[in-house]
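Chain residues, written in single-letter form:
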Amino acid sequence: MLLTSNRKVLYGLILIGIVIIITMPDVIIGLLFGVVHFFFELLFISFEWLESLLDHVVEHLLHTELHETQTIVFYLLVGIAGIPLYYLWITLRRFFYWLKKTLPVIWTQCKTHTIVYWQDLSLIDKVKVLFITVIVIYLASFIFM
């Protein structure tokens, strides 16, 4: 449980973050692309290191030439990559089965909730909701076009 002063600091930081995201989206997107690029470079360097290590180990253990070493290392890397891909395939199949089961239920609940909410609104509130929606779409057209 957060203290009141800590909660105010946390809410203030969240508000500052939202303001920064709204006022400088290009900087935030550039920063995110930079971080993703850094992690892909790190992943690539790790892969190259693993490949070089396997090259040296296979070459010294089996006393093979360059082409044979590359062939053996390629099939070793394919075998190593196949195991996580198999488990990813199994996990994705379960996840998509779960989505297939739950998304129609969630969609029906949201649609029912929206219809009931709309029917409970007065005429003035319906006009307000439509007006706010049109204004938000109009303002969003400046950002996304």
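Residues numbered from 1 in each chain as written. Predicted model: local features only at pLDDT ≥ 70, side-chain atom pairs only at ≥ 80, totals over all residues. Heavy atoms only, no water.

### Remarks on the overall build of the protein
Thinking step 1. Secondary structure summary: the protein contains 4 helices and 0 strands in total.
Thinking step 2. In sequence order, the secondary structure elements of the protein are arranged as α-α-α-α.
Thinking step 3. Its C-alpha atoms give the protein a radius of gyration of 27 Å, clearly above 15 Å, the size a compact globule of 145 residues would have.
Thinking step 4. For the protein, the C-alpha atoms occupy an extent of roughly 85 × 45 × 40 Å along the three principal directions.
Thinking step 5. Of all 145 residues assigned to the protein, the portion counted as buried reaches 6%.
Thinking step 6. A total accessible area of about 13300 Å² is found for the protein, and carbon and sulfur atoms account for 77% of it. (Helix = DSSP H or I, 4+ residues; strand = E, 2+ residues; numbered from the N terminus. Rg over C-alpha atoms; globule rule 2.2 N^0.38 Å. Buried < 20%, exposed > 50% of the residue type's maximum accessible area, 1.4 Å probe, protein only. Areas by Shrake-Rupley, 256 points an atom, 1.4 Å probe, with all protein chains shown as cover.)

### Comments concerning the pattern of salt bridges
Thinking step 1. A full pass over the atoms with the stated rule returns 1 salt bridge.
Thinking step 2. Between lysine 128 and aspartate 125 there is a salt bridge, with the nearest N and O atoms lying 4.0 Å from each other. Here the residue lysine 128 and the residue aspartate 125 both occupy positions in helix 4 (residues 123-144), the gap between them amounting to 3 residues, near one helical turn.
Thinking step 3. Taking the relative accessible area as the measure of exposure, lysine 128 reaches 48% and is therefore partly exposed. (Salt bridge = Lys/Arg side-chain N within 4 Å of Asp/Glu carboxyl O.)

### Some details on helix 2 (residues 25-62)
Thinking step 1. Spanning 38 residues, helix 2 covers 55 Å between terminal C-alpha atoms, matching the ideal 56 Å at 1.5 Å per step.
Thinking step 2. After helix 2 finishes, the residue histidine 63 shows a positive phi value of roughly 50°. (Expected span 1.5 Å × (residues − 1).)

### Some thoughts on the environment of isoleucine 45
Thinking step 1. Structurally, the position occupied by isoleucine 45 is in helix 2.
Thinking step 2. Overall, isoleucine 45 belongs to the exposed group, its relative accessible area being 53%.
Thinking step 3. C-alpha separation for the pair isoleucine 45 and leucine 123, spaced 78 residues apart in sequence, amounts to 62 Å.

### Side note on unusual backbone geometry
Thinking step 1. Residues other than glycine seldom take positive phi values, yet histidine 63 does so here, at roughly 50°.
Thinking step 2. Along the chain, histidine 63 falls in the loop between helix 2 and helix 3 (66-120).
Thinking step 3. Its relative accessible area of 68% is what places histidine 63 among the exposed residues.

### Concerning the confidence of the model for the protein
When pLDDT is low, close inspection of the predicted coordinates is not appropriate.
Thinking step 1. The pLDDT averaged across the protein works out to 92; a share of 98% of its residues lies at or above 70.
Thinking step 2. The spread of mean pLDDT over the elements of the protein runs between helix 1 (residues 4-23), the lowest at 87, and helix 3, the highest at 95. (pLDDT = per-residue confidence, 0-100.)

### Here we look at the packing of helix 2 against helix 3
Thinking step 1. Contact geometry for helix 2 and helix 3: axes closest at 9 Å, N-to-C directions at 130°. Judged on the interaxial angle alone, helix 3 and helix 2 are oblique. In terms of crossing hand, the pair formed by helix 2 and helix 3 is right-handed. Listed contacts from helix 3 to Phe47, Leu50, Glu51, Leu54, Asp55, Val58, Glu59 and Leu62 of helix 2 are Thr69, Ile72, Val73, Leu76, Leu77 and Ile80.
Thinking step 2. Residues of the contact of helix 2 with helix 3, tallied by class, amount to 10 nonpolar, 1 polar and 3 charged. (Axes fitted to C-alpha atoms, helices over the stretch in contact; angles between N-to-C directions. Parallel < 35°, antiparallel > 145°, perpendicular 65-115°, else oblique. Left-handed = near helix turned anticlockwise from the far one by under 90°. Contact = heavy atoms within 4.5 Å. Nonpolar A, V, L, I, M, F, W, Y, C, P; charged D, E, K, R; others polar.)

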